[in-house]
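# Summary of structural features
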Amino acid sequence: MDNEIRWWFTGFEEGLGALSEEERGTLLRSCAENCLQMGMLDFYRGVQERSGGDIDGFFRALGEMGGLETEIVRPGKEFWLIFHQCTCSLHTQGYINSSLLCECSRQSVLYILRELWPDKSFVVDPEGTILNGAQDCRFHIVEREGA
């Protein structure tokens, strides 16, 4: 790893910590959207298409893939998305180890859901992540009522 780049990310991580939660969300939303445009959004679109556009089918199909699991709490309304490892390159390549980066993952899940179901609105809450010491990254997803 390039020490100069590692040094830069140390400052970036400190800057993330200095931002308000809203500012951090705005910054990392842009990062998440850009990252997903590199191919993963197409992957999730394919899963949605194979599921016939059904959100429960989408989560069932994701749960059948390796590396993650899902749970349908209330059909069509409430789900768990659980990743068994952090796949963010910024973390896996040793640039950032702060749980502040997990906001990017939360924003990624929100972006995917907005793109696939634009007529719905969701709340995504991380309920423990690997970077904050949990065994896996657990995202609780609930459709907002009246959205």
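Notes on the structure in this doc start here.

Cut-offs applied
- Each chain carries its own residue numbering, running from 1 in the direction its sequence is written.
- Given that the model is predicted, a residue must reach a pLDDT of at least 70 before its local features are reported, and side-chain atom pairs must reach 80 or more before they are shown or counted; all residues, however, enter totals for whole chains, interfaces and linings.
- Side-chain metrics in this entry use all non-hydrogen atoms of the structure; hydrogen atoms and water are not considered.
- Under the DSSP-based scheme used, a helix requires at least four consecutive residues in state H or I and a strand at least two consecutive residues in state E, with every element numbered from the N terminus.
- Only heavy atoms enter the contact rule, under which two residues are in contact if any of them lie within 4.5 Å.
- A pairing counts as a salt bridge when a side-chain nitrogen of Lys or Arg comes within 4 Å of a carboxyl oxygen of Asp or Glu.
- For every residue, the accessible area obtained with a 1.4 Å probe (protein chains only) is divided by the maximum for its type, and the residue is called buried under 20%, exposed over 50%, and partly exposed between those limits.
- In short, DSSP must find at least two bridges between two strands for them to pair.
- We call Phe, Tyr and Trp rings a pair once their centres come within 6.5 Å, taking the six-membered ring for Trp, and we label the pair stacked below 30 degrees between planes, edge-to-face above 60, and tilted otherwise.
- Only when the NZ of Lys or the CZ of Arg is both within 6 Å of the ring centre and within 35 degrees of the ring normal is a charge said to sit over the ring.

## Quick notes on the side chain of T129
One can find T129 in the loop between β3 (122–126) and β4 (137–143). Discounting residues that sit within four places of it in the chain, T129 has contacts with C102, A134, D136 and C137.

## Regarding the pattern of salt bridges
This model, assessed by the stated rule, comprises 9 salt bridges. For E33, the salt bridge is made with R114, and the minimal N-O distance between the two is 3.6 Å. Linking E33 in helix α2 (residues 21–36) with R114 in helix α6 (residues 102–116), this pair joins segments that are 81 residues apart in sequence. Overall, the relative accessible area of 25% leaves E33 in the partly exposed class. Each member of the salt-bridge network shares a partner with another, and the members are D42, R45 and E115.

## Here's the deal with helix α4 (residues 55–63)
For α4, the complete set of buried residues consists of I55, D56, G57, F58, F59 and L62. Its buried side turned inward, α4 meets α3 (40–50), β1 (68–74), β2 (78–83), α6, β3 and β4.

## Overview of the pairing of β2
Most of β2 is tucked away, with 6 of its 6 residues classed as buried. Both faces of β2 are covered, namely the face carrying E78, W80 and I82 and the face carrying F79, L81 and F83. The pairing of β1 with β2 spans 6 bridges and is antiparallel. Among the inter-strand pairings, R74 is bridged to a residue of β2, identified as E78. Of the strand pairs in this sheet, β2 and β4 are connected by 6 bridges, and their pairing is antiparallel. In the strand pairing of β4, I82 is matched with R138.

## Looking at the packing of aromatic side chains
As enumerated under the stated definition, the model contains 10 aromatic pairs in all. Judged by centre distance (5.4 Å) and plane angle (15 degrees), the rings of W8 and F12 are stacked. Remark: F12 and W8 occur in helix α1 (residues 3–18); sequence separation between them is 4 residues, near one turn of the helix. Classification of W8 as partly exposed rests on a relative accessible area of 47%. Pairing F83 with F139 gives two aromatic rings, centres 6.2 Å apart and planes at 80 degrees, and the pair type is edge-to-face. With a gap of 56 residues between them, F83 in strand β2 and F139 in strand β4 connect regions that are remote in the sequence. For the pair F83 and F139, one class covers both residues: buried. Grouped by ring-pair contacts, the aromatic residues F43, Y44, F58, F59, F79 and W117 constitute a single cluster. We note R138 situated over the ring of W80; from NZ or CZ to the ring centre the distance is 5.3 Å.

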